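# Geometric and topological summary
Here's the letter readout for the chains.
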Amino acid sequence: MYPVDLIRKTRDRQPLTPEEIRFLVAGAAAETIPAEQLAAWLMAARLNALSLDEIRLLTLAMRDSGERFHPHSGPNPIVARAVDKHSTGGVGDKTSFLVAPIAAACGLIVPMISGRALGHTGGTLDKLESIPGFRTALSLDELATSLRANGLAIVGQTPALVPADRVLYALRDRTATVESPGLICASILSKKLAAGLDALVLDVKTGSGAFLRNAAEAEFLAALLVSTANAAGTRTVALLTAMSQPLGSAAGNWIELAEAVALLRNQRSPLTEDLRLLSLHLAGWMLHLGGIAQTPEDGRTRAERSLADGSALDRFLAMVAAQGGDPAVFDHPEVFHRPAVTHTLRASRSGRIVAQDTTALGWAVQRLGAGRETVGVSIDPHAGIHFHYRTGDLIAVGQPLATLYASRSDQVPEAITRIESALTWEPSDSSQPSATAIAPPVPVVLQIIDADRAAAILAKASNLR
Ligand code: URA
């Protein structure tokens, strides 16, 4: 078999056979197929769309490209159910740092295999690595030990664990081939299925900051994910959620962790209520699918209790220590935050912010130093943006809109331009705009997609493939 023949087939919209898909994935994992050929195939798949069969086969081949974790077998099996959540990616999306410890505190285990920054979105692993000493590359034995001790661990793809996604994920980030339902499905589910989950909750984003902005495309992706995961034996539902503005107020690496820990400490703010509510919804579903709660609503109540009594915070800090980090950095997160450059952006006009191009905001965050231009380079843990407004807020001229943290001062002007052009304003008839008028959170959960709903969506959405 020759990679060039497979590129040609996908380019010409001919389906690949199971053997051909396995050959491609094995070549990616072992890095025996050169990057330029993988990139060309990814672009063909992005432009022409894979069939449902090809997506399913690609997902399973990627899952099997390395070792798999089996929490309930072996000499010392774990009894608790293994449940995880995964998001399709957004700006300021830090729900993992809330839902994983909440679910662990309520009796589940969460073996979370996550990714790095992708396109305009931040990566869970990059955020965690802003904690000095934190290790995201654990062996399967270390993963099992952490889960037994604390109920959760957040790790990355390694040469042993989903190596095909490790290679393809990094290539997609550099070749503008992220925005493809089939490639997103295979990337996400290969990691989740390799972790031996009993159940999975997916957070599929739609809106201006999502990879698939259009609601019909996001719905199709959700259906694809739900049906592929259920067919592979993992009970899965998707929550279609709004990504039309950054989630919470912080977008970056360290500042996102600090924001999540503030919520774990019950330090609430109108600017982070959307993050808190979405995390409770996701955790509620995890507890329901994991058999701890009768209903998702009951799950939400239990999740809230674990925030109130501090047990979720304890789990998070225990995970940090178990993975080599120093939990003491969270005693005074503001002291640890040491950006090279800080700049406050003030409103140059009065009015109401009615919409945001959240992808543009995400690129502003990445280009301040929070993301990487080239694979493997290190990123700035302190770079990022605190947004001080929500869509719908009335803003007065001169009011602080955002605080920017950069690695170098020459990065700031470009980020300011991106932020200013991302905001849509409406003139306000009020002569007294108020700095404290923060709009109430918009509904974050737009739709629940279970196996039946997924089947119905896929049956009538063949044109989106
Ligand atoms: N998250 C992933 O793990 N993979 C994608 O392709 C998109 C989001």
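Residues numbered from 1 in each chain as written. Predicted model: local features only at pLDDT ≥ 70, side-chain atom pairs only at ≥ 80, totals over all residues. Heavy atoms only, no water.

### Some remarks on the packing of helix α16 (residues 358-370) against helix α17 (residues 412-422)
Rules: Comment: axis = line fitted to C-alpha atoms, over the contacting stretch for helices; angle = value between 0 and 180 degrees taken between N-to-C directions. For the purposes of this entry, the term helix denotes a DSSP run of H or I that reaches at least four residues, the term strand denotes a run of E that reaches at least two, and both are numbered from the N terminus. Angular relationships are summarised with four words: roughly parallel below 35 degrees, roughly antiparallel beyond 145, roughly perpendicular across 65 to 115, and oblique for the angles in between. When checking whether two residues touch, look at their non-hydrogen atoms; a contact exists if any pair is within 4.5 Å. Only Asp, Glu, Lys and Arg are considered charged in this grouping, and only Ala, Val, Leu, Ile, Met, Phe, Trp, Tyr, Cys and Pro are considered nonpolar; every other residue, Gly among them, is considered polar.
In the contact formed by α16 and α17, the axes pass within 8 Å of each other and the chain directions differ by 170°. Looking at the two axes, α16 sits roughly antiparallel to α17. Here α16 contributes A360, L361, W363, A364, R367 and L368 to the contact with α17, which in turn contributes V412, E414, A415, R418, I419 and A422. Taken together, the residues of the contact of α16 with α17 sort by class into nine nonpolar, no polar and three charged.

### Looking at helix α12 (residues 273-289)
What counts, and what does not: A helix is expected to span 1.5 Å for every residue after the first. Burial classes follow relative accessibility: with a 1.4 Å probe on protein chains only, a residue under 20% of its type's maximum area counts as buried, one over 50% as exposed, and anything between as partly exposed.
Counted at 1.5 Å a residue, the expected span for α12 with its 17 residues is 24 Å, and the 24 Å between its end C-alpha atoms agrees. Where burial is concerned, most of α12 is hidden: 15 out of the 17 residues are buried. Positive backbone phi, approximately 80°, marks G291, located one or two places after α12.

### Considerations on the site of the ligand
Selection criterion: Nearness is defined per residue: one heavy atom within 4 Å of the molecule or strand is enough. Between N or O atoms, a polar contact is any pair within 3.5 Å; within protein, one atom must be a potential hydrogen donor and the other a potential acceptor, and residues adjacent in sequence are included only when both atoms are from side chains. For the area figures, the Shrake-Rupley method with a 1.4 Å probe applies, and any residue is considered shielded solely by the protein chains shown.
Taken together, H86, S87, T88, L118, Y169, R172, I184, S187, I188 and K191 make up the full set of residues near the ligand. Side-chain polar atom of H86 to an oxygen atom of the ligand: 3.1 Å apart, as the coordinates give it. A distance of 2.6 Å separates an oxygen atom of the ligand from a polar side-chain atom of K191. Starting from 240 Å² of accessible surface for the ligand in isolation, the protein chains cover 96%. Elements represented by at least two residues in the shell around the ligand include exactly β1 (83-87), α8 (163-174) and α9 (181-194). For the shell around the ligand, the element with the most residues is α9, which contributes four residues. Among the residues forming the shell around the ligand, the class breakdown is four nonpolar, four polar and two charged.

### Observations concerning the sheet that holds strand β12 (residues 423-426)
Operational definition: Strands pair, by our definition, only if DSSP identifies at least two bridges between them.
Taken in spatial order, the three strands of this open sheet run β10-β8-β12, and their pairing is antiparallel. At either margin of the open sheet sits one strand with a lone partner, and together these are β10 (394-395) and β12. The sheet contact formed by strand β8 (residues 351-356) and β12 spans four bridges and is antiparallel. Residue pairing across strands places Q356 opposite L423, the latter belonging to β12. Contacting β8 and β12, α17 crosses the sheet at an angle of about 45° to β12.

### Concerning helix α1 (residues 3-11)
We count it as follows: Arc definition: directions from the helix axis to the C-beta atoms.
Residues of α1 that are buried: P3, L6, I7, K9 and T10. Buried residues of α1, seen end-on, are gathered within an arc of 160° and therefore sit on one face of the element. One or two residues past the end of α1 sits R13, with phi positive at roughly 60°.

### Comments concerning unusual backbone geometry
Its identity as a non-glycine residue notwithstanding, A49 has a phi of 65°, on the positive side. Assessed through its relative accessible area of 31%, A49 is described here as partly exposed.

### Observations concerning the environment of L313
Mapped onto the fold, L313 is located in helix α14 (residues 311-322). In this structure L313 comes out as buried when scored by relative accessible area, which is 13%. Along the backbone, L313 and S51 are 262 residues apart, and their C-alpha atoms lie at a distance of 43 Å. Those residues in contact with L313, other than ones at most four positions away along the chain, are V261, L264 and R265.

### Remarks on the sheet that holds strand β6 (residues 250-252)
Pairing within the open sheet is antiparallel, and its four strands lie in the order β6-β9-β11-β7. Strand pairing shows two members of the sheet lacking a second neighbour, β6 and β7 (341-346), which therefore form its edges. Each adjacent strand pair in this sheet contributes to an overall mean axis angle of 15°, direction not counted. When strand β9 (residues 384-387) meets strand β11 (residues 400-406), the two strands line up antiparallel, connected through four bridges. Counted as the bridge partner of G384 is Y405 from β11. Packing against the sheet, helix α11 (residues 254-264) makes contact with β6, β9 and β11, and its axis sits at approximately 145° to β6. Sheet contacts for α17: β7, β9 and β11; angle to β7, the most-contacted strand, approximately 30°.

### Looking at the nonpolar core
Filter applied, for reference: We call a set of buried Ala, Val, Leu, Ile, Met, Phe, Trp, Tyr and Cys residues a nonpolar core when their side-chain atoms join them within 4.5 Å. Note that the domain bounds were set by an automatic or database domain assignment.
Grouped together as the largest cluster of nonpolar side chains are 81 residues, with contacts concentrated most on I131, F316, F330, I385, L401 and L404. Top contributing element to this core by residue count: α12, with nine residues. Counting the residues that make up this core, at least three belong to each of domain 2 (83-332 + 444-460) and domain 3 (339-426). The contacts of L401, once residues within four sequence positions are left out, are L345, R346, A347, I353, H386, F387, H388, Y389, I395, L423 and W425.

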